Amino acid sequence: MAKLVDGQGEEAVVGRVGYWLDSGDFVSTADLDAEHIGEIGFPRDWPGVYGSSKALKQLVGKKGKCAGKKVGVVPLPDASQLSLVKGVQFHPLQSFSNAERAAKAAGIDIVRGWAVYEHLEKDVSEAFVAERFWWNSLADGTWVDFTPRPQMFQEMLLAEAVDGAPKAQEPLSGPQQKLLQHLLAQRFPSAAAAAPPATAPAAAPAAVTAPAPSAPSAPKVTTKIQQKAKTPITPTAPAPQSLRELARRVQAGELEAVRQLDEKLRGDDELCVQIASEGLATPLSKMLGDSKHQEAALKLMLLLSDAGVSQSADVGTELIAGGAVPKLIQLLSSDSMQEMAAAVLGNLCHESPENQDKLADNQMFQKLVEMLSFPGAVAQEAAYAIWNLTVGHEKNSDAIARLGAVPKLAELLKSTSDIAQENAAGALMHITISQEARSVIGNAIPKLCELLQGSFEPEVSTQAAGALLNLASDSSEYAKQIVSNGAVPSLVNLVKDGPDLAKEYSAGALMNLMRGDMEVASNAAKQGAIPSLANLLSRPSGHSESLGALANLASGSSERQIQIYKAQVTRKTVALLGDEDVDVRRSAAALLMNLAPHAKIKERIVEAQALKPLAKALKDSDEILNERAAGALANLFNDHSANVHAGFQQAPEMIPSLVSLIQTPGLSEDAKRQGAHALAMLAAEDGPCDAVWQAGAGPPLLVLLKDMIGEAALGIMNLSWRWPQVKAELVKSGTLEYLMDMLKHGDDLAKEYAAGALMNMTAGSPDNAEKATAAVKDLSELLKSNAVQAAEWAAGALANITRSGQAAQETAIENGAATSIAALLPKVTANGMSLVVLALASLAETQGNSVSKALGAEAKAKLRDFRDSNNSDLQEYTKTLVDKLGPGFSL
């Protein structure tokens, strides 16, 4: 059932000030009070009734009890009218506030008067009721009503009041709250009215990523830092004439020119980049093969390639084309020049996937790995070369890992040189994309965690955080080791106070460590992770990692969800749904999905205009984003009627997008579940329900049903409650058989949804009930479920199916249904009370003795509560049960 809210969408608690309907706002020509008005609807004999019915004239005629000066029929607002109030949310039973908000948003007039209905339980045109009601008038005089209305009210008869039908704001009283809850339940049930035949409102788990409502899991957001291709930089000006002259002399093979050029270029990276384009690559490469020239040539080559790294200029490609690589590989065996040769090789492939491919050489890899065991700067530069060769390059990583690089890099982490530590950590960070490397890296984890501490150089801590990020990305074993070595507080500190790259890597590491681990998430939150991660969203980089970490923090904890919301990330997150980086879009959708289970926050997310971009994300080419957007929508809509209607009004295109999504070839099971869940939540409300069916959701949901996707059964449950023709079409397609198969073979959640769908499919349909009698045994077993809602829905389905005859009732009794329902009575929820009583009454038709024996003292006490309650329907059902049990039974 939709939640009772005020005009702003806040929960309607006693004492809250607002516009509240009360008994004085209803005038019935049958003298029925507001709580007993019964079934009402549009006048059945309109327009003839307006001139012929004395009762209607006495109500809204010019001298009537609710005197009207103008009467008109008002349909649902069309698209052009809705565009006038785009972004404005309207709430059920809040016509007064809704009219004021529409007037403010669109600059249109308010019309105050009465909504006029006919008592449908009376003879045609015999009795009518007026409800105080406000709406709006457009500039051309057209009346428009934006207040959400029940599906049966496609048109409403409105009467503008002679006296203006005034209404004042006041604190909500207990009796008013009770009346409003009654009206809300009557007009806006989530799935079906709780009356014979048994039906129930649709419900769903609090977090769509969960196997059950009580155990949501975060999306598997992981990050592995990958290399981006370098953009060549063209020198802004030619090199000075004197340097170009030296370059020409170098081209001629003059050793002294090499030395002079080296001296003049030192300390000026920009000048180095300028002169590197003067044809030096080939002559310098040739000199590397000459023992008299090679040292000077290598020094100049290192100077130029260092400048290329510093200036992000593509010096490496020209040096490779000039033939430098084979000579550099040979120099790796030179005791005096192997350090410089390794450094140049590292520079040549820095941020260049193309050059990484060109340098891939097993002989070079073998030599570099050997050099990791050499003392001092040699090992340091070998690690640097390996770092740059493996960034984002799985093939190179595999080859180098197979040569035994990982243990040597782990040992190099213990060096007293901060540069060696940084290079080793950087190499480990990227070589770990290789599964072979990951299998032997565990011994490095304690040292990497230690390097996060503030006593080490920031550059060292940055690369250590990056290595831990990748190690934790898909290994729960390594994640546990990282946590046990005390990394979480250090990572939080780096997110807060570290260099920009350290903030990004540390946020990514936290994201991966917290995935599915509530204890780690709790610890990180206590360490202050949430404000630090939120602040990262205001920086130019690290958005994907920050959002992902916050998403994993939000999973399954309302306390942390509130903390994240208070960190003011909601609107930033919504804005980042449109980021050009797909990883950012994915993480933004993940955070919204994991915040949305919170009842208050889901309203704020909708107010932040998230519905339209989430609907757009359903059409994105990225399947993971599709899944998370669908999950976010499902959670926003779950148990929130206003959000469903807001989504339908603001982004109706989401419905065909979701229908298209769930039938995409090759779609992951999680994406199917999220899409089906979102459609199920939309189908739980009147207007969107029709749109879901008209969009063709039935056939693809049935395909998912056959695949045991439980959320498809929830969709069927909500689609089938309203129209007999929908049930008929579903039955023709084999829905009952699929549901019974799911009830027998599905997981726990699928069985629960299948029971709910069977309940609604058999409601009011004796033919369907008879076809579903094979489900009686499995439904009787489901009554024993620890999930109360599953048991209640099983009872509702049994109430309908066992009406088919004595055989079904006997089968239910033989399988312990009466005893299980009696045991369910003390813990039944408000939504399930009628269902269990109706189930007992159905069984009692021929199995009264068994039902009587099953009802012990505790069950009878509960039935007495039902009998003495203020719920007239429940009172009637309980009385019927007692009557069926005969004179020998007493409560």
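Residues take numbers from 1 onward in each chain, read along the sequence in its written order. Where local features are concerned, this predicted model is filtered to residues with pLDDT of at least 70; where side-chain atom pairs are given and counted, the filter is 80 or more; whole-chain, interface and lining totals use all residues. Calculated side-chain values reflect all of the structure's heavy atoms, with hydrogen atoms and water omitted.

> Can you help me understand the overall build of the protein in this one?
The secondary structure listing takes helices from DSSP runs of H or I that are at least 4 residues long and strands from runs of E that are at least 2 residues long, numbered from the N terminus. Assigned secondary structure in the protein consists of 51 helices and 9 strands. Projected onto the principal axes, the alpha-carbon positions of the protein cover approximately 115 × 70 × 50 Å. Partly exposed describes any residue whose relative accessible area lies between the buried limit of under 20% and the exposed limit of over 50%, with all areas from a 1.4 Å probe on protein chains only and scaled to the type maximum. Looking at the 891 residues of the protein, the share that counts as buried comes to 58%. Only heavy atoms enter the contact rule, under which two residues are in contact if any of them lie within 4.5 Å. Considering only intrachain contacts with a sequence separation of at least 6, the fraction spanning at least 24 residues in the protein is 74%. For the protein, the exposed surface amounts to about 34,800 Å²; the carbon and sulfur share of it is 48%. In this count, Lys and Arg are taken as positive residues and Asp and Glu as negative ones, while His and the chain termini are left out. Charge positions are represented by NZ for Lys, CZ for Arg, CG for Asp and CD for Glu. Distance between charge centres in the protein, computed from 81 positive and 103 negative side chains, equals 3 Å. To be clear on the numbers: accessible area is Shrake-Rupley with a 1.4 Å probe, and residue cover counts the displayed protein chains and nothing else.

> Would you mind showing me how to read the packing of aromatic side chains here?
For any pair of aromatic rings, geometry is given as the distance between the ring centres together with the angle between the planes. Pairing of aromatic side chains here covers Phe, Tyr and the six-membered ring of Trp, requires ring centres within 6.5 Å, and sorts the geometry by plane angle: under 30 degrees stacked, over 60 edge-to-face, intermediate tilted. Here the structure, examined in full by the defined rule, presents 8 aromatic pairs. When the ring of Phe90 is compared with that of Phe146, the centres are 5.4 Å apart and the planes differ by 15°; the resulting orientation is stacked. Taken together, the residues span a long stretch of sequence, with Phe90 in the loop between α3 (79–83) and α4 (95–106) and Phe146 in the loop between β7 (143–144) and β8 (155–161) at a distance of 56 residues. Both residues of the pair, Phe90 and Phe146, belong to the buried class. Members of the aromatic cluster, joined through ring pairs, are Tyr19, Phe96 and Trp134.

> When you look at the confidence of the model for the protein in this model, what are you seeing that I'm missing?
Parts of the prediction with low pLDDT should not have their coordinates interpreted in detail. What pLDDT expresses is the predictor's confidence in each residue, scored from 0 to 100. For the protein, per-residue confidence averages 89 on the pLDDT scale, and 94% of positions sit at 70 or higher. Contacts of residues 190–231 to residues separated by more than four positions or lying in other chains number 163 contacts, the stretch itself having pLDDT below 50.

> When you look at the nonpolar core in this model, what are you seeing that I'm missing?
We define a nonpolar core as any set of buried Ala, Val, Leu, Ile, Met, Phe, Trp, Tyr and Cys residues linked to one another through side-chain atoms lying within 4.5 Å. Ranked by size, the top nonpolar core spans 260 residues in total, and within it Leu265, Leu284, Leu304, Leu328, Leu368, Leu553 and Leu855 carry the most contacts. With 11 residues, the top contributor of residues to this core is helix α49 (residues 833–854). Filtering out sequence-adjacent residues up to four positions away, Leu328 remains in contact with Leu288, Leu298, Met301, Ala341, Val344, Leu345 and Leu348.

> How should I be thinking about helix α34 (residues 623–637) in this particular structure?
Note on helix geometry: an α-helix contains 3.6 residues per turn, so any two residues three or four positions apart are oriented the same way. The span expected for a helix works out to 1.5 Å for each residue beyond the first. Here α34 contains 15 residues, and its C-alpha end-to-end distance of 21 Å stays within 8% of the 21 Å for a straight helix at 1.5 Å per residue. Among the 15 residues that make up α34, 13 are buried, leaving the element largely enclosed by the rest of the structure. You can read the cap of α34 off the contacts: a side-chain oxygen lies 3.3 Å from the backbone nitrogen of Ile624, and it is on Asp622. Just beyond α34, the residue with positive phi is Asp639, at close to 60°. A 3.5 Å cut-off defines polar contacts: any pair of N or O atoms within that distance qualifies, except that in protein one atom must be a possible hydrogen donor and the other a possible acceptor, and neighbouring residues in sequence count only when both atoms are side-chain atoms.

> Looking at this structure, how should I read empty space enclosed by the protein?
Think of a ball as big as a water molecule: rolled over the atoms, this probe shows where empty space is left. Residues are called lining when one of their atoms sits within 4 Å of a cavity or pocket point, these points coming from a 1 Å grid over the protein atoms alone, where a cavity is a set in which a 1.4 Å probe fits but cannot get out and a pocket is an open set with protein on both sides within 12 Å along at least five of seven lines. Grid points are joined across faces, edges and corners, and a volume is the space filled by probe spheres set on the points. The full count for this structure, using the stated rule, is 4 cavities of 30 Å³ or more. In this structure, the largest cavity encloses a volume near 110 Å³. Along its surface, the largest cavity is lined by 17 residues, and Glu131, Phe133, Thr147, Pro148 and Arg187 are the ones closest to its centre. Mapped by element, the contributors of at least two residues to the lining of the largest cavity are α4 and β6 (128–137). Residue type decides the class: Asp, Glu, Lys and Arg count as charged, Ala, Val, Leu, Ile, Met, Phe, Trp, Tyr, Cys and Pro as nonpolar, and the leftover types, Gly among them, as polar. Of the residues contributing to the lining of the largest cavity, the split by class is 10 nonpolar, 3 polar and 4 charged.

> How do you make sense of the side chain of Ser285 when you look at a structure like this?
Its place among the elements puts Ser285 in helix α9 (residues 281–287). Classification of Ser285 as buried rests on a relative accessible area of 1%. A polar side-chain atom of Ser285 sits 3.2 Å from the main-chain amide nitrogen of Ala324. For Ser285, the contacting residues outside a window of four places in its chain are Met301, Leu319, Gly322, Gly323, Ala324 and Lys327.

> What's the story with the pattern of salt bridges in this structure? I'm lost.
Two side chains that carry opposite charge are able to pair once their charged atoms sit near each other. By convention in these notes, a salt bridge is any Lys or Arg side-chain nitrogen within 4 Å of a carboxyl oxygen on Asp or Glu. Taken as a whole and assessed by the stated rule, the structure comprises 32 salt bridges. Arg44 is paired through a salt bridge with Glu118; the nearest N and O atoms lie 2.9 Å apart. Here Arg44, found in the loop between β3 (40–41) and α1 (48–52), pairs with Glu118, found in strand β5 (residues 109–119); they are 74 residues apart in sequence, far enough to count as distant. On the accessibility criterion, Arg44 (38% relative accessible area) is partly exposed. For the salt bridge of Asp500 with Arg539, the shortest nitrogen-to-oxygen distance reads 2.5 Å. Of this pair, Asp500 sits in helix α25 (residues 500–514) while Arg539 sits in the loop between α27 (529–536) and α28 (543–554), and the two are 39 residues apart along the sequence. Among the residues examined, Arg539 registers a relative accessible area of 34% and is labelled partly exposed.

> In this structure, what is going on with the side chain of Gln294? I would like to understand it.
Positionally, Gln294 belongs in helix α10 (residues 294–311). Overall, the relative accessible area of 14% leaves Gln294 in the buried class. Only 2.8 Å separates the side chain of Gln294 from the backbone oxygen of Leu288, close enough to count as a polar contact. Ignoring sequence-local partners within four residues, the contact set of Gln294 consists of Met287, Leu288, Gly289, Leu331 and Met337.

> Just to check I follow, could you spell out unusual backbone geometry for this structure?
The general pattern is negative phi for most residues beyond glycine and trans for most peptide bonds. For Gln568, which is not glycine, the phi torsion reads 60° and is therefore positive. With respect to the helices and strands, Gln568 occurs in the loop between α29 (558–566) and α30 (570–576). In this structure, Asp639 takes a positive phi of about 60° despite not being glycine. Examined against the element boundaries, Asp639 turns out to sit in the loop between α34 and α35 (641–650). Given a relative accessible area of 56%, Asp639 falls into the exposed group.

> Got a minute to help me understand the environment of Phe90 in this structure?
We classify Phe90 as buried; its relative accessible area is 4%. When the C-alpha positions of Phe90 and Ala646 are compared, they lie 7.7 Å apart, and in sequence the two are 556 residues distant. Those residues in contact with Phe90 that sit more than four places away from it in its chain are Val85, Asn98, Arg101, Ala102, Phe146, Pro148 and Gln649.

> Got a minute to help me understand helix α8 (residues 269–276) in this structure?
Most of α8 sits inside the fold, with 6 of its 8 residues counted as buried. Taken together, the buried positions of α8 are Leu271, Cys272, Val273, Gln274, Ile275 and Ala276. Tucked into the core, α8 has its buried residues touching α6 (241–251), α7 (255–265), α10 and α11 (315–321).

> Would you mind showing me how to read the packing of helix α13 (residues 338–348) against helix α15 (residues 362–371) here?
Helix packing for two helices is described by the angle between their axes and how far apart those axes are. Every axis corresponds to a line fitted to the C-alpha atoms, with the helix fit spanning only the stretch in contact, and the corresponding angles, defined between N-to-C directions, vary from 0 to 180 degrees. Between α13 and α15, the shortest axis-to-axis distance is 12 Å and the interhelical angle comes to 125°. Taken together, the axis directions place α13 and α15 in an arrangement best described as oblique. Here the hand of the crossing between α13 and α15 comes out left-handed. Only Met364, Lys367, Leu368 and Met371 of α15 make contact with α13, whose side of the interface consists of Gln338, Ala342 and Leu345. Classifying every residue of the contact of α13 with α15 gives 5 nonpolar, 1 polar and 1 charged. Relative orientations are named as follows: roughly parallel for angles under 35 degrees, roughly antiparallel for angles over 145 degrees, roughly perpendicular for angles from 65 to 115 degrees, and oblique for any other angle. Take the far helix as the reference: if the near one is turned anticlockwise from it by less than a right angle, the crossing is left-handed, and if turned clockwise, right-handed.

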